[in-house]
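Listed below, chain by chain, are the residues.
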Amino acid sequence: MTQDELKKAVARAAFERIQKHLDDDDSVIGVGTGSTANMFIDLLGEAAHRVNATVASSEETKRRLEAHNIPVFDLNSVDEVSVYIDGADEANDYLQLIKGGGAALTREKIIAAVAREFICIADASKFVKVLGEFPLPVEVIPMARSHVGREIVKLGGDPVYREGVVTDNGNIIIDIYNMSITDPRQLESDLNQIVGLVTNGLFAQRPADLLLLGRESGVEELKAR
């Protein structure tokens, strides 16, 4: 199977799992950003008439949902998110993730924090023993770029400014290279202490509840250890 076929398989598995939330007037479905999430959106679009409410983790996701005539609400206008579906750039055995390759990490992290259940969908290439081969994104207030970079170096990483990228929040992205993340929860906390850093792409303190992992043999369901 190609990588796209694996992504479609996990998107389909997620769509099947959230059937109980369709036709439910009290359910709000959180929808992530990226190529795998887009495949889920397209499936959701086939059942748009059954979807009560969604919240989107990026302006691009919002546009894609609305193009399918799926109702999108501001997160502040809903009491809770029933289930959140999103992809990942890396995932480990504990369902701790690196996210933010699409520069939507802050809104993704907010929705994950609100969600009752967080289902991550990914192909097998994203599954790793130790996080960090994929560069870890951090969202940064523009005027703090140099300061944040210096602080990242102190933590042992190599910061690289992602040229030409502006987040939906009007900020910039710095990618951290060459960092083997053996304690994701601690690093997530340490990074968030840096003044001027909005948030980072480690989803360790709030990991996924379920990982639907696309393998050649089929979709594997993994729960956190």
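Here goes a summary of the coordinates provided.

Scoring rules and cut-offs
- Residues numbered from 1 in each chain as written.
- Predicted model: local features only at pLDDT ≥ 70, side-chain atom pairs only at ≥ 80, totals over all residues.
- Heavy atoms only, no water.
- Helix = DSSP H or I, 4+ residues; strand = E, 2+ residues; numbered from the N terminus.
- Rg over C-alpha atoms; globule rule 2.2 N^0.38 Å.
- Buried < 20%, exposed > 50% of the residue type's maximum accessible area, 1.4 Å probe, protein only.
- Contact = heavy atoms within 4.5 Å.
- Areas by Shrake-Rupley, 256 points an atom, 1.4 Å probe, with all protein chains shown as cover.
- Lys, Arg positive; Asp, Glu negative; His and termini not counted.
- Charge placed at Lys NZ, Arg CZ, Asp CG, Glu CD.
- Phe/Tyr/Trp six-rings, centres within 6.5 Å; stacked < 30°, edge-to-face > 60°.
- Lys NZ or Arg CZ within 6 Å of the ring centre and 35° of its normal.
- Core = buried A, V, L, I, M, F, W, Y, C linked by side-chain atoms within 4.5 Å.

1. Some points on the overall build of the chain
If you tally the helices and strands in the chain, you get six helices and 13 strands. By the compact-globule yardstick of 17 Å for 225 residues, the chain fits well, its C-alpha radius of gyration being 17 Å. Its C-alpha atoms give the chain principal-axis dimensions of roughly 50 × 40 × 30 Å. Expressed as a percentage of the 225 residues in the chain, the buried residues total 52%. A separation of at least 24 residues holds for 73% of the contacts in the chain among residues at least 6 apart in sequence. Carbon and sulfur atoms make up 46% of the accessible area of the chain, which amounts to about 10300 Å² in all. In the chain, which carries 24 positive and 36 negative side-chain charges, the distance between the mean positions of the two groups comes to 2 Å.

2. So, unusual backbone geometry
Residues other than glycine seldom take positive phi values, yet Asp23 does so here, at roughly 70°. Although it is not a glycine, Leu95 adopts a positive phi angle of roughly 60°. Mapped onto the fold, Leu95 is located in the loop between strand E4 (90-91) and strand E5 (97-98). What makes Leu95 buried here is its relative accessible area of 1%.

3. Let's talk about the packing of aromatic side chains
A full pass over the atoms with the stated rule returns two aromatic pairs. Taken together through their ring pairs, the aromatic side chains of Tyr84, Phe118 and Phe203 make up a single cluster. Over the aromatic face of Phe203 sits the side chain of Lys109, whose NZ or CZ is 5.2 Å from the ring centroid.

4. A short note on the nonpolar core
Judged by nonpolar contacts, the single largest core of 26 residues is most densely connected at Ile18, Phe40 and Leu44. Within the second largest apolar cluster, 21 residues are counted, among which are Val28, Phe118, Ala208 and Leu213.

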